[in-house]
Amino acid sequence: MTFALLQVDFPFSGPWGQGLEGISHDLAADIASEPGLRWKIWTECQDQRVAGGLYLFESHAFAEKYLLKHSKRLADFGVQDLRAIIFDVNDALTAMTRGPI
C-alpha cells in the first residue's frame with residue numbers, strides 16, 4: 001500500500017494548546033471520521049503564529065479529496081494563505097525507521 005502524507009499549515013492567531021482543544025472537539029471528531037484517514041497530528045507554533053497538521057491517508061486520492069474539503073472549511077473560517085502539499089510515502093524506508101504506517 002502506498003500512503004500519502006498531507007502537510008497543511010496556515011497563519012493562526014490562537015487560541016493555543018488547551019484553548020484550541022476546547023473549541024476544536026467537533027472539528028476533531030469530523031476529521032477522525034474522514035474516509036481513508038489513518039491519523040492526524042495537530043501542529044501549532046505560537047512563536048510563528050502558525051497552526052496546521054500532518055495527515056496520513058491510505059492513498060493520494062483520499063488526501064486530495066480531503067484537502068479540497070478542508071481548504072473550503074478553512075476559507076469559511078477566514079483562513080487565508082493556506083499552504084498544503086501531498087507527499088507520497090516511501091513505505092519500506094518509513095517502516096525501517098519505525099514510522100507509524
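Rules used in this analysis
- Residues numbered from 1 in each chain as written.
- Predicted model: local features only at pLDDT ≥ 70, side-chain atom pairs only at ≥ 80, totals over all residues.
- Heavy atoms only, no water.
- Helix = DSSP H or I, 4+ residues; strand = E, 2+ residues; numbered from the N terminus.
- Contact = heavy atoms within 4.5 Å.
- Polar contact = N/O pair within 3.5 Å; in protein donor to acceptor, adjacent residues only side chain to side chain.
- Buried < 20%, exposed > 50% of the residue type's maximum accessible area, 1.4 Å probe, protein only.
- Pairing = 2+ DSSP bridges.
- Axes fitted to C-alpha atoms, helices over the stretch in contact; angles between N-to-C directions.
- pLDDT = per-residue confidence, 0-100.

**Student:** Quick question: what am I supposed to make of the environment of Trp39 here?
**Tutor:** Topologically, Trp39 is positioned in strand S2 (residues 37–45). Taking C-alpha positions, Trp39 is 7.5 Å from Phe57, a pair spaced 18 residues apart along the chain. Not counting chain neighbours up to four residues away, the residues in contact with Trp39 comprise Leu5, Leu54, Tyr55, Leu56 and Pro100. A polar atom in the side chain of Trp39 sits 2.9 Å from the backbone oxygen of Pro100.

**Student:** How should the side chain of Glu34 be read in this particular structure?
**Tutor:** Looking at where Glu34 falls in the secondary structure, it is placed in the loop between helix H2 (25–32) and S2. With relative accessibility at 8%, the residue Glu34 sits in the buried group. The contact partners of Glu34, leaving out residues within four places of it in the chain, are Phe57, Tyr66 and Lys69.

**Student:** Whenever I open this one, the environment of Pro11 confuses me. Can you help?
**Tutor:** Its place among the elements puts Pro11 in strand S1 (residues 4–11). Expressed as a C-alpha distance, the spacing of Pro11 and Leu37, which sit 26 residues apart in the sequence, is 24 Å. Excluding anything up to four places from it in sequence, Pro11 contacts Arg49, Gln80 and Asp81.

**Student:** Is there a simple way to explain the sheet that holds S1 in this structure?
**Tutor:** Where strands meet in a sheet, backbone hydrogen bonds hold them as pairs that are either parallel or antiparallel. Judged by pairing direction, the sheet is antiparallel, and its four strands sit side by side in the order S2-S3-S1-S4 without closing on themselves. In this open sheet, the two strands that pair with only one neighbour each are S2 and strand S4 (83–88). When the angles between neighbouring strand axes are averaged without regard to direction, this sheet yields 15°. Relative to S4, S1 runs antiparallel, the two being bridged by six bridges. Following the sheet pairing, Val8 is matched in S4 by Ala84.

**Student:** I would appreciate a short explanation of the confidence of the model for the chain in the present structure.
**Tutor:** A low pLDDT means the predicted coordinates there should not be read in detail. On average, residues of the chain score 93 in pLDDT, and 99% of them are at 70 or above. The secondary structure element of the chain with the lowest average pLDDT is helix H1 (residues 17–23), at 87, and the one with the highest is S4, at 97.

**Student:** Is there a simple way to think about unusual backbone geometry in this case?
**Tutor:** Among all residues except glycine, the phi angle is most often negative; among peptide bonds, the trans geometry is most common. A cis amide bond links Gly14 with the next residue in sequence, Pro15, at an omega value of 10°. Within the secondary structure, Pro15 sits in the loop between S1 and H1. The backbone of Arg49 sits at a positive phi, close to 55°, despite the residue not being glycine. Here Arg49 lies in the loop between S2 and strand S3 (50–57). For Arg49, a relative accessible area of 44% puts it in the partly exposed group.

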